[in-house]
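Each chain is listed here by its residues.
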Amino acid sequence: MSDRTGIFAGDTPFEIARRWLAEAEASEPNDPNAIALATSDADGLPNVRMVLLKEIEDDAFVFYTNYGSAKAAELELNAQAAFVMHWKSLRRQIRVRGRIEREDGPQADEYFASRSLKSRLGAWASHQSQPLASRKTLMAEVAKVTAKYGTTPPRPPFWGGYRLRPVEVEFWADGAFRLHDRFQWRNDMGGNWQTVRLSP
Ligand SMILES: Cc1cc2nc3c(=O)[nH]c(=O)nc-3n(C[C@H](O)[C@H](O)[C@H](O)COP(=O)(O)O)c2cc1C
């Protein structure tokens, strides 16, 4: 009999992740959906940065970014990534590893349209991860795109989502005297998940 009960109970890792995120939304001071996203460059050197997790689907996690950024270049080269989310208020973490594909269709359009006007214009104005001469240069670019697109900027062709389809997900919760609880979910690629409890 599995002792995967309480906060670890669930039929899929997505169901548990959604539940934990909902709890974190009530307890974190800000950005409960922040994830540290790891990629690797052409030399295999790891890279990591925070992004916001925007959707937990029934088989994938989705985040949005600039397709001209360093992370995008790394993801196009090696379409595999990992992320971790950690909530100090809950003393829990979720680790995810998997394969990446672009989300640059209607779903990306819809998410872009839901952002504030300033964020939408900012996406047009920023050549993310490229050298920038000064803050003034950036603000001049914002003024330029504002004059061009007004209040209805379309989604830039260089901006959209990535969908991470996990092969492995681990749920971790703090336990007394460092005797933490860990449950790893592994996808057998036939769509079935196997779970195992890991030593802390
Ligand atoms: C809490 C937090 C959330 C962030 N969310 C995003 C995001 O959703 N998308 C994004 O492109 N950058 C986001 N950033 C900025 C990235 O960390 C990073 O600076 C940027 O994407 C460039 O990374 P790169 O050069 O590795 O591509 C966020 C930063 C922080 C601290």
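Just so it is clear, the structure is predicted and the values come from calculations on it, not from any experiment. Within each chain, residues carry numbers counting from 1 in the order of the written sequence. Selection of residues for local features in this predicted model requires a pLDDT of at least 70, selection of side-chain atom pairs for listing and counting requires 80 or more, and totals for whole chains, interfaces and linings are taken over all residues.

The feature "binding site: substrate" (unreviewed entry), as annotated in UniProt, sits at K54, Y111, R115, S119, R178, L179 and H180 in this numbering. A maximum C-alpha distance of 43.0 Å is found for the annotated residues, which run over 127 residues; spatially they are spread out rather than grouped. Its location among the elements puts K54 in strand 2 (residues 46-56). Counting other C-beta atoms within 10 Å of a residue's C-beta gives its exposure: the residue is buried at 20 or more, exposed at 12 or fewer, and partly exposed in between, where C-beta atoms are placed from the backbone. We classify K54 as partly exposed; it has 16 C-beta atoms within 10 Å. Filtering out sequence-adjacent residues up to four positions away, K54 remains in contact with V62, F63, Y64 and Y111. UniProt positions are given in the numbering used here, feature names are shortened, and annotations may be inferred rather than shown by experiment. Helical segments are the DSSP runs of H or I of at least four residues, strand segments are the runs of E of at least two, and each set is numbered from the N terminus. Here, residues touch in the contact sense if the C-beta positions derived from the backbone fall within 7 Å of one another.

Turning to the site of the ligand, a few remarks are in order. Each residue gets a C-beta atom placed from its backbone. Should that atom fall within 6 Å of a molecule or strand, the residue is termed near it. Looking at the ligand, there are 16 residues lining it, with T65, S69, A70, K71 and S129 nearest. The element contributing the most residues to the shell around the ligand is strand 2, with five residues. Any residue outside Ala, Val, Leu, Ile, Met, Phe, Trp, Tyr, Cys, Pro, Asp, Glu, Lys and Arg is labelled polar, Gly included; the first ten of those are nonpolar and the last four are charged. In terms of residue class, the shell around the ligand is made up of seven nonpolar, six polar and three charged.

Feature annotation in UniProt assigns "domain: Pyridoxine 5'-phosphate oxidase dimerisation C-terminal" (unreviewed entry) to the following positions: residues 159-200. Helix and strand shares over residues 159-200 are 0% and 67% respectively, and the end C-alpha atoms of the span are 39 Å apart.

Any set of buried Ala, Val, Leu, Ile, Met, Phe, Trp, Tyr and Cys residues joined through C-beta atoms within 7 Å is what this text calls a nonpolar core. Membership of the largest hydrophobic core comes to 24 residues, with the highest contact counts inside it found for F83, I94 and V96. Of all the elements in the fold, those that place two or more residues in this core are helix 1 (13-27), strand 1 (34-40), strand 3 (61-66), helix 2 (70-77), strand 4 (80-87), strand 5 (92-103), strand 6 (159-173) and strand 7 (181-187). The leading source of residues in this core is strand 6, at five residues.

For a regular strand, side chains alternate in direction, first toward one face of the sheet and then toward the other. The element strand 8 (residues 193-198) is barely covered by neighbouring structure, given that only zero of its six residues are classed as buried. For two strands to be treated as a pair, DSSP must find at least two bridges joining them. Two elements, strand 7 and strand 8, share six bridges in a ladder whose sense is antiparallel. Note on strand 8: the bridge partner recorded for R182 is L198. The turn linking strand 7 back onto strand 8 is made up of five residues, and M189 within it adopts a positive phi angle of 75°.

Attention now moves to the environment of N78. Relative to the assigned elements, N78 resides in the loop between helix 2 and strand 4. For N78, a count of 13 C-beta atoms within 10 Å puts it in the partly exposed group. Separated by 21 residues in sequence, N78 and R99 have C-alpha atoms that sit 9.0 Å apart.

So, on to helix 5 (residues 135-149). Helix span, as expected, comes to 1.5 Å for every residue beyond the first. In a regular helix each residue adds 1.5 Å, so 15 residues correspond to 21 Å; helix 5 covers 21 Å between its end C-alpha atoms and thus fits that length. Of all 15 residues making up helix 5, only zero are buried, and the element is barely covered by its neighbours. Two residues or fewer past helix 5, G150 is found with a positive phi of approximately 60°.

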